[in-house]
Amino acid sequence: MATPFLAGLAVAATALAGRYGIQAWQAFKARPPKMRKFFEGGFQPTMTRREAAQILGLREGAPPDKVKEAHRRVMVANHPDAGGSHYLASKINEAKDVMLRKTKGGGSAF
């Protein structure tokens, strides 16, 4: 008499464990993708080519046409007339100048 009861209990426990396992797997698959790790800290006092390349999403030795294309793409997303920050726009312009070697000196207007 106890054997059928224990068998039923084992089947019920296996079914519950399977149900929770499936729910956990579906939750695992539906989680949002990992966010990219951003660089900690602010901008350097004088922008370097490395920092300028990171701002524009390029390599340090990118050709001028790639720099202009990347500048245009980043500015469209961050232009002050479209709700972007004046500070970020000035840093993006400074990054373009550094990458094109048009800098005259000391950093952004801010």
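Everything quoted here is computed from the prediction, not taken from an experiment.

Parameters at a glance
- Residues numbered from 1 in each chain as written.
- Predicted model: local features only at pLDDT ≥ 70, side-chain atom pairs only at ≥ 80, totals over all residues.
- Heavy atoms only, no water.
- Helix = DSSP H or I, 4+ residues; strand = E, 2+ residues; numbered from the N terminus.
- Buried < 20%, exposed > 50% of the residue type's maximum accessible area, 1.4 Å probe, protein only.
- Contact = heavy atoms within 4.5 Å.
- Expected span 1.5 Å × (residues − 1).
- Polar contact = N/O pair within 3.5 Å; in protein donor to acceptor, adjacent residues only side chain to side chain.
- Phe/Tyr/Trp six-rings, centres within 6.5 Å; stacked < 30°, edge-to-face > 60°.
- Lys NZ or Arg CZ within 6 Å of the ring centre and 35° of its normal.
- Patch = residues over 30% accessible without salt bridge, like charges linked within 9 Å, V, L, I, M, F, W, Y side chains within 5 Å.
- Areas by Shrake-Rupley, 256 points an atom, 1.4 Å probe, with all protein chains shown as cover.
- Salt bridge = Lys/Arg side-chain N within 4 Å of Asp/Glu carboxyl O.

Student: Describe the overall build of the protein, and please don't skip the residues or the numbers.
Tutor: Check the secondary structure of the protein and you find four helices and zero strands. Secondary structure elements in the protein, listed N-terminal to C-terminal, are α-α-α-α. For the protein, with 110 residues in total, the buried portion stands at 18%. Taking all contacts inside the protein whose residues are at least 6 apart in sequence as the whole, residues at least 24 apart take part in 45%.

Student: Hey, could you go over helix α4 (residues 86-99) for me, with residue numbers and the actual values?
Tutor: For α4, with 14 residues, the first-to-last C-alpha span of 20 Å sits near the 20 Å given by 1.5 Å per residue. As for α4, its buried residues are in contact with α2 (49-56) and α3 (64-78). Two to three positions downstream of the cap, the backbone nitrogen of Y87 sits 3.2 Å from a side-chain oxygen, assigning the N-cap of α4 to S85. At the exit of α4 stands R101, carrying a positive phi of roughly 60 degrees.

Student: For the packing of aromatic side chains, give the residues involved together with the corresponding values.
Tutor: Applying the stated criterion to the full structure yields one aromatic pair. A cation over a ring is seen here: R31 above F28, with NZ or CZ 4.1 Å from the ring centre.

Student: Account for a nonpolar patch on the surface, naming residues and giving values.
Tutor: Taken together, the side chains of F5, L6 and L9 define a hydrophobic patch exposed on the protein surface, amounting to about 340 Å² of accessible area. Among the structural elements, F5 can be located in helix α1 (residues 2-30).

Student: Provide a residue-level description of the pattern of salt bridges, including the pertinent values.
Tutor: If the charged atoms of two oppositely charged side chains come close together, the side chains can form a pair. Across all of its chains, the model carries one salt bridge by this definition. For K91, the salt bridge goes to E94, with nearest N and O atoms at 3.5 Å. You can see K91 and its partner E94 sitting in helix α4, three residues apart, about one turn around the helix. With respect to class, K91 is no different from E94; both count as buried.

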